[in-house]
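Listed here are the chains, written in short residue letters.
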Amino acid sequence: MRIVVTGTPGTGKTTVSKILGDRFKLPVYNLSELIKEEKLYSFYDRNRDSYAVDIEKLTRFFADKDNFIAEGLVAHYIPCDVSVVLRVNPEAIQERLKERNYNEEKIEENVEAERIAFCATEAFENFEGQTFLHINTTERTPEEIVNVIIEGIERGGVVEEIDWLEG
Ligand SMILES: Nc1ncnc2c1ncn2[C@@H]1O[C@H](COP(=O)(O)OP(=O)(O)OP(=O)(O)O)[C@@H](O)[C@H]1O
Ligand SMILES: [Mg+2]
């Protein structure tokens, strides 16, 4: 099974994917590490202090792999059987990124990205008929989220309604 896990920074992709990898006995690829290790980038973006991923190199890396979990911001570009989008209340993003000592601008950018469902929208736009899971992780433990994912896969998909702009 090929599973990709995406979501705004701080939504819990790495935490959840590790547990999911144990449950399914699947290797877990952290995409930001992989992109650096395997040089799957086109250039280093000095302004953002990050590597600009080369989507073609990324998809080529996974092309011959049938069983994996790939987790990261660009995971939804990888052809897969199951696409997971983790969502969380933007206030949690703010707290979690503050703990990581991200600067104000970067925190605000990511809080806003979660508010407007940036990652989820991109994942929907890349939808190609795979099992789709859109999960509100707020007030769920990582273990509970993994159970929601496993049940969701069995049911052929779950799209929880989430609108942080409401109310
Ligand atoms: N369900 C949860 N409930 C409470 N805290 C959580 C939950 N999931 C993750 N966390 C905490 O939130 C923080 C961010 O989690 P994690 O590093 O897994 O996010 P990420 O999506 O991988 O972020 P990034 O995109 O930056 O790699 C960590 O401190 C983690 O312990
Ligand atoms: Mg992570």
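Look up: the structure comes first, before these words.
Here goes a summary of the coordinates provided. (Residues numbered from 1 in each chain as written. Chains lettered and ligands numbered in written order. Predicted model: local features only at pLDDT ≥ 70, side-chain atom pairs only at ≥ 80, totals over all residues. Heavy atoms only, no water.)

Some remarks on the packing of helix α1 (residues 13-24) against helix α7 (residues 142-155)
Stated precisely, the cut-off is as follows: Under this scheme, a helix contributes an axis fitted over its contacting stretch, all axes are lines through C-alpha atoms, and angles between N-to-C directions fall in the 0 to 180 degree range. Strands are runs of DSSP state E lasting at least 2 residues, helices are runs of H or I lasting at least 4, and numbering of each runs from the N terminus. Convention used here: angles under 35 degrees read as roughly parallel, angles over 145 as roughly antiparallel, angles from 65 to 115 as roughly perpendicular, and any remaining angle as oblique. Each helix crossing is assigned a hand: it is left-handed if the near helix lies turned anticlockwise from the far helix by less than a right angle, otherwise right-handed if that turn is clockwise. We call two residues in contact whenever any of their non-hydrogen atoms come within 4.5 Å of each other. Only Asp, Glu, Lys and Arg are considered charged, only Ala, Val, Leu, Ile, Met, Phe, Trp, Tyr, Cys and Pro nonpolar, and every remaining residue, Gly among them, polar.
The geometry of α1 relative to α7 is characterised by a closest axis approach of 9 Å and an angle of 55° between their N-to-C directions. Considered as vectors, α1 and α7 are oriented oblique to each other. In the crossing of α1 with α7, the sense of the turn from one axis to the other is right-handed. Contacts from T15, V16, I19, L20, R23 and F24 in α1 reach P142, E143, I145, V146, N147, I149, I150 and I153 in α7. Considered class by class, the residues forming the contact of α1 with α7 number 10 nonpolar, 2 polar and 2 charged.

So, the site of ligand 1
Inclusion rule: If even one non-hydrogen atom of a residue comes within 4 Å of a molecule or strand, that residue is called near it. Contacts described as polar in this section are N or O atom pairs within 3.5 Å, which, within protein, must combine one atom able to donate a hydrogen with one able to accept it, while residues neighboring in sequence count only if both atoms come from side chains. Under the convention used here, a 1.4 Å probe and the Shrake-Rupley method define accessible areas, while residue burial counts only the protein chains that appear.
The environment of ligand 1 is made up of 13 residues, and the closest members are K13, T14, T15, R100 and R140. Take T15: an N or O atom from its side chain is 2.5 Å from an oxygen atom of ligand 1. Contacts to ligand 1 include R100, whose side-chain N or O atom sits 2.7 Å from an oxygen atom. Compared with its free state, where it exposes 630 Å², ligand 1 has 68% of that area covered by protein. Of all the secondary-structure elements, those providing two or more residues to the shell around ligand 1 are α1 and α7. Among the elements that take part in the shell around ligand 1, α1 stands out by supplying 3 residues, more than any other. Here the residues of the shell around ligand 1 sort into 3 nonpolar, 6 polar and 4 charged.

Brief notes about the environment of R46
Its place among the elements puts R46 in the loop between β3 (41-45) and β4 (50-53). R46 sits 33 residues away from K13 along the chain, and the two C-alpha atoms are 25 Å apart.

Quick word on helix α4 (residues 90-99)
Where we set the bar: Exposure is judged per residue with a 1.4 Å probe applied to protein chains only, and the accessible area is read against the type maximum: over 50% gives exposed, under 20% gives buried, and values in between give partly exposed. Note that the arc is defined by the directions from the helix axis to the C-beta atoms.
By the burial criterion, the buried members of α4 are P90, A92, I93 and L97. End-on view of α4: buried residues confined to an arc of 145°, all on one side of the axis. Facing away from the buried surface of α4 by more than 90 degrees, the exposed residues are E91, E95 and E99. Here the buried face of α4 lies against α5 (104-115). Capping of α4 at its N-terminal end is provided by N89; its side-chain oxygen lies 2.9 Å from the backbone amide nitrogen of E91. Of the residues one or two after α4, N101 is the one with positive phi, at around 60°.

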